[in-house]
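# Chain and residue survey
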Amino acid sequence: MPVEQLDLVFAALADPTRRAILARLADGEATVNELVAPFDLSQPTISKHLKVLERAGLVSRGREAQFRPVRLNATPLEGAALWLGDYRRFWEESLDRLDVFVKELKRKEGRHVSKRRRR
Amino acid sequence: MSANAGAGEPEADREVIITRTYDAPARLLFEAWSKPEHLKKWFGPVGYPVTMCEMDFRKGGQWRAAMTGPGGEQQTPFGGEYLEIVPERRIVFSNGFELPGAEKMIWTVTFDEKDGKTLLTIRTLFASIAQKATHVGAGMKEGMASGLDQLGDLVARLKAGA
């Protein structure tokens, strides 16, 4: 995920109303009217929040002219989780650590073969 | 994105293959993947140890794990279901972040032993090209393994005298 999109994702998540909208969409797509209902906010305000979420790639709008249901896109959330978990180093270092670990298993096994087990 | 967003996209465009050869028998590598206490010792980058790991290691069994970062905060948990287990040969499981609407990947981990060394192949099949792009952008090296595969093909052809 490009750095610019990461900026947009974290900025979009830095607002409780937008997080609540995402939480609602996790249960399934909804129309703008359905999203307005649970909040004490006007439709233009909700629409403004939706634009921020849409720019970050977190939601998309359906094509149906009348209702245009809003859907959650989880991929940018995943990108944010990957960034937070420092996954850049994940593979190389995991596979290196696995090498150290299996060598350790091998060494232990060798010891069991050459010595009698105590237990 | 819905769970089957990439269903129409060819698998070849949604996969990443990573390989590495280990100086150990397949039995030990399989062992390293099949027990939570083992996985905790190597899975994840330095400084991000797996601090939570639950595994019901059998076909249809669930697994989940999470790493803890240097700040002491647990990272987003991930996990899935074991789809196939062939002892010392192959483990297939689904894997995804525990995030609303997050897509699952399918991991196929294969152990090929020859002369005491084991070729480990990790094939990740992403749910969509978009999910793959997100992971590759986060540091998963694309083409790393396919380069090796091509080298292998070349060596085989040279040996055959072609």
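Each value, and the rule that gives it
- In this convention, every chain numbers its residues from 1, walking through the sequence in written order.
- To read the labels, note that chains go from A and ligands from 1, taken in the order they are written.
- Side-chain atom pairs in this predicted model are given and counted only at pLDDT of 80 or more, local residue features only at pLDDT of at least 70, and totals for whole chains, interfaces and linings cover all residues.
- Helix and strand assignments follow DSSP, with helices taken as H or I runs no shorter than four residues and strands as E runs no shorter than two, numbered in order from the N terminus.
- Partly exposed residues are those whose C-beta has more than 12 but fewer than 20 other C-beta atoms within 10 Å; with 20 or more the residue is buried, with 12 or fewer it is exposed, and the C-beta atoms are placed from the backbone.
- What counts as a contact is two residues whose backbone-derived C-beta atoms lie within 7 Å of each other.
- Residues are grouped as follows: nonpolar covers Ala, Val, Leu, Ile, Met, Phe, Trp, Tyr, Cys and Pro; charged covers Asp, Glu, Lys and Arg; every other residue, Gly included, is treated as polar.
- Paired strands, as defined in this entry, are two strands with at least two bridges between them according to DSSP.
- Expected helix span is given by 1.5 Å per residue-to-residue step, counting one fewer step than there are residues.
- By arc we mean the arc of the directions from the helix axis to the C-beta atoms, nothing more.
- The pLDDT score gives, residue by residue, the confidence of the prediction method on a 0 to 100 scale.
- Note that the domain bounds reflect an automated or database-derived domain assignment.

## Things to note about the overall build of chain B
- What chain B contains, in helices and strands, is 4 helices and 7 strands.
- The secondary structure elements of chain B, listed N-terminal to C-terminal, are β-α-α-β-β-β-β-β-β-α-α.
- Counting only residues that meet the buried cut, chain B has 28% of its 162 residues in that class.
- The long-range share in chain B, meaning contacts at least 24 apart out of those at least 6 apart in sequence, stands at 40%.

## Side note on the interface of chain B and chain A
- Facing the 34 residues of chain B at the interface are 34 residues of chain A.
- Within the residue set of the side of chain B that touches chain A, elements represented by two or more residues are β1 (15-22), α1 (26-34), α2 (36-42) and α3 (129-137) of chain B.
- A per-element tally of the side of chain B that touches chain A places α3(B) first, with 5 residues.
- Among the residues making up the side of chain B that touches chain A, the classes are represented as 20 nonpolar, 9 polar and 5 charged.

## Examining the pairing of strand β4 (residues 78-86) of chain B
Residue and element names in this part refer to chain B.
- Strand direction decides the pairing type here: strand β3 (residues 62-67) and β4, joined by 4 bridges, are antiparallel. If you follow Trp63 over to β4, its bridge partner there is Gly80.
- Relative to strand β5 (residues 90-97), β4 runs antiparallel, the two sharing 6 bridges. Of the residues in β5, the one forming a bridge with Tyr82 is Phe93.
- The hairpin turn running from β4 into β5, its antiparallel successor, is 3 residues long, and Glu88 in that turn takes a positive phi close to 65°.

## Details of helix α4 (residues 43-55) of chain A
All names here are of chain A.
- Along its 13 residues, α4 runs 18 Å from first to last C-alpha, staying within 8% of the 18 Å computed at 1.5 Å per residue.
- The complete set of buried residues in α4 reads Ile46, His49 and Leu53. Down the axis of α4, the smallest arc covering the buried residues is 60°, so these residues share one side. The exposed residues of α4 that point more than 90 degrees off its buried face are Pro44, Ser47 and Lys51.

## Comments concerning the confidence of the model for chain A
- Looking at chain A as a whole, the pLDDT averages 86, with 91% of positions reaching at least 70.
- Within chain A, α4(A) carries the highest mean pLDDT (95), whereas helix α5 (residues 75-84) of chain A carries the lowest (85).

## Some words on the domain arrangement of chain A
- What the domain assignment lists for chain A is domain 1 (3-85) and domain 2 (87-119).
- Spacing between the C-alpha centres of domain 1 of chain A and domain 2 of chain A amounts to 45 Å.

## Quick word on unusual backbone geometry
Residue and element names in this part refer to chain B.
- Of note, Glu88 is a non-glycine position whose phi angle comes to about 65°, a positive value.
- Considering the arrangement of structural elements, one finds Glu88 in the loop between β4 and β5.
- Overall, Glu88 belongs to the partly exposed group, with 16 C-beta atoms counted inside 10 Å.
- Positive phi values are uncommon outside glycine, yet Asp115 reaches one of about 50°.
- Locating Asp115 in the fold gives a position in the loop between β6 (105-114) and β7 (117-125).

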